[in-house]
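A closer look at the structure
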Amino acid sequence: MATLAQGIRLALHYAEENLGLTDVFGEDVGPPLGGVFTATQGIKCAWNSPLDERGIIGMAMGIAFAGGRPVAEIQFADYIFNTIDLLKLAGNMRWSSHGRWGVPLTVMTPVGSGIHGSIYHSHSFESIASHIPGWKIVSPSNAVDAYGLLLSAINDPDPVMYLEPKALMRARSEELIPGEPADARELDRRINAPLGDRSRWVPDWPDVQPHFVPIGEARLAREGHHATVVSYSRMLPLCVQAADQLAHEGFEFDVIDLRTLYPVDMPALRRSLAKTRRLLVVNEDTEVTNYGEHLLRRLTEEFFYELEVAPRLLAGKDVPGIGIAWSLEAASVPQAGDVLEAMRDIATAPGRVGAGEWPLLPQSFFRSR
Amino acid sequence: MRYEALTPERKRQIHDLMVKARTTEETAILMNKSGEGFFWIGGPGEEAFAVPLGLQVKKGQGPDHDYLHLHYRGGPIAMAMGVDPLDHLRQMGAKATDPFSGGRQFVEHYAIPEWNIVPVTPTIETQYTMVIGTAHVQRRHGGDGISIVTGGDAGAAEGDIHVCLNWSSRPGQELPVLIIVTHNRWGISTPCTQVQSTRNLNEWATPFGIRNSVVDGNDVAASWDALADAMAYIRAERKPYMLQADVSRLYGHSSASGANRVDEPDCIPLYEERLISEGLMTRAECDAVWERWRAYCKEALEQVRSEPAPDPADIWTHIFAEPAGV
């Protein structure tokens, strides 16, 4: 029942005690604040950095060079763009040195809209991040996955981009993190920093247990045969909610929570699409050169003769920003009603005559390209 | 130890390593001109500063030793530390045998974990953001290991040097960093006087409370002493120091500008005059050093010519620690 922010906090606690995590740092990450979303409260190795994104990424790379295990936070992904060349370097250090140097580091940054963040607290980053080879990219949609993905990220020998859905940071998980007290209020009392003077506060950590969500492994959030819905991060709960509603109309969906965007779990996508032959990808990034387009391209190539209807991407509008007025944000980013409508459409569209009559191309054809 | 206290053998070794670096660079330039290598860039003209630097590095692996964040003119530093000209020329030839990048990077882009030389990058000045990270670990680790970063005067216009100055001088969190700018007065074709308000970039460190100085990088003795003083301070005080070395750029920016010899002071003949006048070497002995290294480089070049290019399938290796499979 932890919130997503608490899931992150518990993972950092577990990692500094058990996984050799040496540094958690960024703007306002250390005491007294413990992060603008409270995700780093009570962490012993958390410290405040200068307001300097390039310094934060460079520092993380240097720590990794020297044998440390850092988690660096960029306070909002909207402010990560001036570090792109450093992210490229982090991604190519192992390749460019022919395997002689690697940089095991995690960059954690909140993404997406949903908090009235206006133009510069609402950016998505996965489409650009996935264009920087050498990084693994994960994004949880609930507290348990937030915990398990962060443990895997910290344990990984390569750089991992950990995208936090900021609108879900206070959303409670339906399930418990292993070792988490069953009473959410007890957890709040034990690990939430008090208001006011925190100088003498120390958290009373529960005895959380290891739970590694493997990087590259998707989760089937709902199971059905009418269509496949692929999503992640903040949009995932909207897809699940829509699937539950549409079940009353007799439609059942495979709702796949990718959890890892790179390397993406292609076997899970293939299994589902071979069954449903209908595909909808949902995210909130702007639609042009969108990460979802990559999924559509790969899956269309592989399932061209199998698909019964044209695959579809439901994404954010291709406009320069997200306005602070609610009417503007709702018009820019897919909302619950948009998701429901798109899912109903993909499930009910008339199927193409002859779909599936030709055999699939062998997988080796695609892997060799 | 001050330069004057060095043994005659050490002073002759400095000369030997300067010639080693120069002949290696000139062989690499030859490879560019003959079509046996692609882009050339390097540090001929920086030997009088770079070799004393390489010799005073606390060489080894891990935070007890010095970390080096070099830029693409760091060849003479690495040569002084022990890089084999054969390996340098393998990278120039983009061969599969290139031990630093497997034929992926430009020449002079070393990556040597055994000596804490982190990968040299073609991006300008980014190394000044990474050096604070290795120094941060060393500050926490203790001991006398330091982190050393080098870059040019033109690149210092990037904000990353400000990152380095700011992070390394935070009160109570000072970092053991030797911040070096080798000043050759040029950024490709643009003279420094067009783009910088001050000739001595080390003075930028003063408002941060960082000790700093400037040295004639064509003078071996002055460079040795400036480096010795700076390193002793950083190792003991665990605080940063900024040092500017005024150097020559003897073959222009790179092969992109022709890699032709230009008329600037050459530190090697200047040092030879000193050694000869002090009776430490004769002209014939100096010439013999050149002949020995030229012969070595010629033989190394023959070796490189015989070695294979990387296998095309190699592009898929070392993307991640484990084999890629998506």
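Bear in mind the structure is a predicted one, so any value in this text is a computation, not a measurement.

From N to C terminus, chain A includes twelve helices and twelve strands. The C-alpha radius of gyration computed for chain A amounts to 21 Å, which stays within 12% of the reference 21 Å derived for 369 residues, consistent with globular compactness. Principal-axis analysis of the C-alpha atoms gives chain A an extent of 70 × 50 × 40 Å. For chain A, the residues scored as buried account for 56% of the 369 residues in total. Considering only contacts in chain A between residues 6 or more positions apart, those separated by 24 or more positions represent 77%.

With 34 residues of chain A at the contact, the number on the chain B side is 33 residues. When residues of the side of chain A that touches chain B are traced back to their parent elements, those giving at least two are α2 (53-65) and α3 (84-96) of chain A. The biggest single contributor to the side of chain A that touches chain B is α2(A), with nine residues. Class assignment of the residues belonging to the side of chain A that touches chain B gives a composition of 17 nonpolar, eleven polar and six charged.

All names here are of chain B. The buried count for strand β3 (residues 177-183) comes to seven of seven residues, which makes it a mostly enclosed element. Covered by surrounding structure in β3 are Val177, Ile179, Val181 and His183 together with Leu178, Ile180 and Thr182, the residues of both alternating faces. Here six bridges tie strand β2 (residues 147-152) to β3, and the two strands are oriented parallel to one another. Paired with Thr150 across the strands is Ile180, a residue of β3. In this region the chain leaves β2, passes through helix α6 (residues 160-168) and returns to the parallel neighbour β3; the handedness of that crossover is right-handed. In the sheet, β3 pairs with strand β7 (residues 241-246) via six bridges, with the strands oriented parallel. Following the sheet pairing, Leu178 is matched in β7 by Tyr241.

Moving on, we get to the sheet that holds strand β9 (residues 253-257) of chain A. Residues and elements named next belong to chain A. Ordered by their spatial adjacency, five strands build an open sheet running β7-β9-β8-β11-β12, and the pairing between neighbours is mixed. The open sheet has two free edges, formed respectively by β7 (219-222) and β12 (312-316), since each of these has just one partner strand. In this sheet, adjacent strand axes meet at a mean angle of 25° when their direction is disregarded. Note that strand β8 (residues 227-231) and β9 share five bridges and pair parallel. The residue of β9 that forms the bridge with Ala227 is Phe253. The sheet strands contacting helix α9 (residues 291-303) are β8, β11 (279-286) and β12, and the helix crosses β11 at an angle near 155°. Against the sheet, helix α11 (residues 336-348) touches β8, β9, β11 and β12, its axis set at about 170° to β12.

Residues and elements named next belong to chain A. Where helix α7 (residues 235-247) contacts α11, the axes come no closer than 9 Å and their chain directions differ by 55°. By the angle class used here, α7 and α11 are oblique. Relative to α11, α7 is oriented so that their crossing is right-handed. Where α7 approaches α11, its residues Leu238, Cys239, Gln241, Ala242, Ala243, Gln245 and Leu246 are matched on the opposing element by Ala336, Val339, Leu340, Met343 and Arg344. Tallied by class, residues from the contact of α7 with α11 come to nine nonpolar, two polar and one charged.

Another aspect to go through is the confidence of the model for chain B. In the predicted model, chain B carries a mean pLDDT of 97, and 99% of its residues have values of at least 70. Scored as a complex, the prediction yields pTM 0.96 and ipTM 0.97.

Time to look at the environment of A:Gly68. Its place among the elements puts A:Gly68 in the loop between α2 and β3 (70-73). In the structure, A:Gly68 is positioned 45 residues away from A:Asp23 in sequence and 7.6 Å away in space, judged by C-alpha atoms. Once residues within four sequence positions are removed from consideration, A:Gly68 is found in contact with A:Thr22, A:Asp23, A:Ile63 and B:Val137.

On to the nonpolar core, then. Residues A:Val229, A:Cys239, A:Met343, B:Cys164 and B:Leu178 are the most contacted members of the largest nonpolar core, which totals 197 residues. The element best represented in this core is helix α5 (residues 143-155) of chain A, accounting for nine residues. When residues are assigned to domains, this core turns out to be shared by domain 1 (4-191) and domain 2 (219-367) of chain A, each giving three or more. Excluding its chain neighbours within four sequence positions, the residues that come into contact with B:Leu178 are B:Ile146, B:Ile148, B:Ala230, B:Met231, B:Ile234, B:Tyr241 and B:Leu243.

What follows is about unusual backbone geometry. Residue and element names in this part refer to chain A. Cis peptide bonds are those with omega within 30 degrees of zero, and the linkage from Pro31 to Pro32 qualifies with 10°. At the junction of Tyr262 and Pro263, the peptide bond is cis and its omega measures out at 0° in the coordinates. By secondary structure assignment, the location of Pro263 is in the loop between β10 (260-262) and α8 (266-276). The phi dihedral of Arg259 is positive, around 65°, even though this residue is not glycine.

All names here are of chain B. In space, the five strands of this open sheet follow the order β1-β2-β3-β7-β6, with parallel pairing throughout. Every interior strand has two partners, whereas the edge strands, β1 (67-69) and β6 (211-216), have only one. With direction set aside, neighbouring strand axes in the sheet form an average angle of 15°.

With that settled, consider the environment of A:Gln75. All names here are of chain A. Mapping Gln75 onto the fold places it in the loop between β3 and α3. Exposure remark for Gln75: the 22 C-beta atoms within 10 Å place this residue in the buried category. Contact partners of Gln75, with chain neighbours within four places excluded, come to Gly26, Glu27, Asp28 and Val36.

So, about the domain arrangement of chain A. Residues and elements named next belong to chain A. Domain boundaries assigned for chain A yield domain 1 (4-191) and domain 2 (219-367). A straight line from the C-alpha centre of domain 1 to that of domain 2 covers 27 Å. Taken together, the 25 residues of domain 1 in the interface contact 23 residues of domain 2. Mapped onto the side of domain 1 that touches domain 2, the elements with two or more residues apiece are α4 (126-129), β5 (136-138), α5 and β6 (160-165). It is β5 that provides the largest number of residues to the side of domain 1 that touches domain 2, a total of three residues. Among the residues making up the side of domain 1 that touches domain 2, the classes are represented as eleven nonpolar, eleven polar and three charged.

Each value, and the rule that gives it
Residues numbered from 1 in each chain as written. Chains lettered and ligands numbered in written order. Predicted model: local features only at pLDDT ≥ 70, side-chain atom pairs only at ≥ 80, totals over all residues. Helix = DSSP H or I, 4+ residues; strand = E, 2+ residues; numbered from the N terminus. Rg over C-alpha atoms; globule rule 2.2 N^0.38 Å. Buried ≥ 20, exposed ≤ 12 C-beta atoms within 10 Å, placed from the backbone. Contact = placed C-beta atoms within 7 Å. Nonpolar A, V, L, I, M, F, W, Y, C, P; charged D, E, K, R; others polar. Pairing = 2+ DSSP bridges. Right-handed = clockwise from strand over helix to strand, strands pointing away. Axes fitted to C-alpha atoms, helices over the stretch in contact; angles between N-to-C directions. Parallel < 35°, antiparallel > 145°, perpendicular 65-115°, else oblique. Left-handed = near helix turned anticlockwise from the far one by under 90°. pLDDT = per-residue confidence, 0-100. Core = buried A, V, L, I, M, F, W, Y, C linked by C-beta atoms within 7 Å. Domains from an automatic or database assignment.

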